[in-house]
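# Structural characterization, general
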Amino acid sequence: MRMNTRMRTPRRWRRASRRGIAEIIGAVMLVALTLVAGVILWEFHITTPAAYPSVSFIIRSGGSNPVWGDPTDCQPSGYSLSGYPLSTSALGTWDSKWDTQCDGTPTPTSPLTGNFSTLNSSQIIISAFSPGYISLSDIEFTFICNNASNAGGTTILVQGTLGSMSWFPKYTSEPSSGAPTLGYCGSFDAGGYGGGAYSTYYNRLGLFIPLNEGETGLAVGDTFVLYVHNGGWPIDFACILEAAGEGFGSDCHQSSYSASNALPQVDYDDYHGAPPWCFQSLGACTIVLSYIGTPSTVLATIPVYALAPPTGA
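Predicted model only: the values in this text are computed from it and were never measured. (Residues numbered from 1 in each chain as written. Predicted model: local features only at pLDDT ≥ 70, side-chain atom pairs only at ≥ 80, totals over all residues. Heavy atoms only, no water.)

### Overview of the sheet that holds strand β5 (residues 139-145)
One open sheet accounts for four strands, arranged β6-β5-β11-β12; its pairing is antiparallel. Where the open sheet ends on each side, the last strands, each with one partner, are β6 (155-161) and β12 (297-303). For this sheet, the mean angle separating the axes of adjacent strands, direction not counted, is 15 degrees. Sheet topology places β5 next to β6; six bridges connect them, and they run antiparallel. The residue of β6 that forms the bridge with I144 is I156. (Pairing = 2+ DSSP bridges. Helix = DSSP H or I, 4+ residues; strand = E, 2+ residues; numbered from the N terminus. Axes fitted to C-alpha atoms, helices over the stretch in contact; angles between N-to-C directions.)

### Looking at the sheet that holds strand β8 (residues 223-227)
Strand order in this open sheet of four strands is β1-β4-β8-β7, and the pairing throughout is antiparallel. At either end of the open sheet lies a strand with only one pairing partner, and these are β1 (54-66) and β7 (206-209). Averaged over all pairs of adjacent strands, the angle between strand axes in this sheet comes to 20 degrees, irrespective of strand direction. Relative to β8, strand β4 (residues 118-130) runs antiparallel, the two sharing five bridges. Bridge pairing in β8 links S121 to Y227.

### A short note on the state of the cysteines
Applying the stated criterion across every chain yields a total of four disulfides. Residue C239 pairs covalently with C252 via a disulfide, S to S 1.8 Å. Classification of the bridge connecting C239 and C252 rests on its S-S torsion, roughly 95 degrees, and on that basis the disulfide is right-handed. Taken together, the positions of C239 in helix α4 (residues 238-243) and C252 in the loop between α4 and β10 (265-266) put the pair 13 residues apart, joining distant regions of the chain. Between C278 and C285 runs a disulfide, and the two sulfur atoms are separated by 2.0 Å. Torsion about the S-S bond of the C278 and C285 cystine: about -70 degrees, corresponding to left-handed handedness. Judged by its relative accessible area of 0%, C278 is buried. In the protein chain, the bonded cysteines, numbered by position in the sequence, are linked as 1-2, 3-4, 5-6, 7-8. (Disulfide = S-S within 2.5 Å. Buried < 20%, exposed > 50% of the residue type's maximum accessible area, 1.4 Å probe, protein only.)

### Points about the side chain of T161
You can see T161 is positioned in strand β6. Relative accessible area serves as the criterion here: at 17%, T161 is assigned to the buried category. When residues no more than four places from it in sequence are discounted, the contact partners of T161 are L136, S137, I139, E140 and I292. (Contact = heavy atoms within 4.5 Å.)

### Some remarks on the confidence of the model for the protein chain
As a note on interpretation, predicted positions should not be read in detail where pLDDT is low. This prediction gives the protein chain a mean pLDDT of 79; 76% of its residues lie at or above 70. Long-range and interchain partners of residues 1-16, a stretch whose pLDDT sits below 50, account for zero contacts in this model, where long-range means more than four residues apart. Throughout residues 191-195 the model reports pLDDT below 50, and contacts reaching past four residues in sequence, or to other chains, amount to 17 contacts. (pLDDT = per-residue confidence, 0-100.)

### Some remarks on the pairing of β8
With five of five residues buried, β8 lies mostly within the body of the structure. Going residue by residue along β8, you find T223, V225 and Y227 tucked away on one face and F224 and L226 tucked away on the opposite face as well. As judged from the four bridges shared by β7 and β8, these two strands associate in the antiparallel manner. Note that in β8 the partner of F208 across the bridge is F224.

Structure below.
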């Protein structure tokens, strides 16, 4: 009986060992399957595409704005058009005031205070947008001349981001050095009839005025002012400047000019605003506002004709 007992004991031990190993192997495989499943789930993670931004605008037409980009179209405060010509002694005082009020180096605490002559204008005003922050450098303004009635082909008069076109008139003398410059509008030299302004800053056409100075993001109330040349011209004081010794004789087109009869004149040598033929047909000129971030999209396509119907340009 002792021998039978000795022979049974090892068999029981071997059966128990095999069951324990099997349980361990099963647990390891279960962990491995869990890890593989986790990897598969991670690899099949779906990323939703970014939403396109949206911007709403209000267009206000029929107004006027000072021609802030041209100091020759400015007279010092306290003067009126009926007060010219000036005496020789009065010219010196006028010139000194013009230097500081119209063509000085303004600062936020010491702005230009001169009276800039006005020109018809329309305003494109931001009324709503999403998402909550859109960089001004991600919105591009493009003025396209389709040249429906002139030779020369389709051209871009000006193109730039709202960030590069931001300017606070009267508080800085001109736009930043990165601001876009004017090209041609078809065969029309958008600079004007007296030499043009090709490659000069865009503010002969208009300007973008953010609601808050120094802000880099879009805000409700931000406004693009577009000068509309569909009748009327700003007033130029080049002849007064020449009489005062400022050296603007080439801009003074009075045939009988002299210091004793220097008078303000219509500023037909420095053309401001969109060309007249942009208002003669619906497809002549187009403003395109685009979001150039990711994903890019066109925010608005605005026929320039719709901003101010023709009034006898």
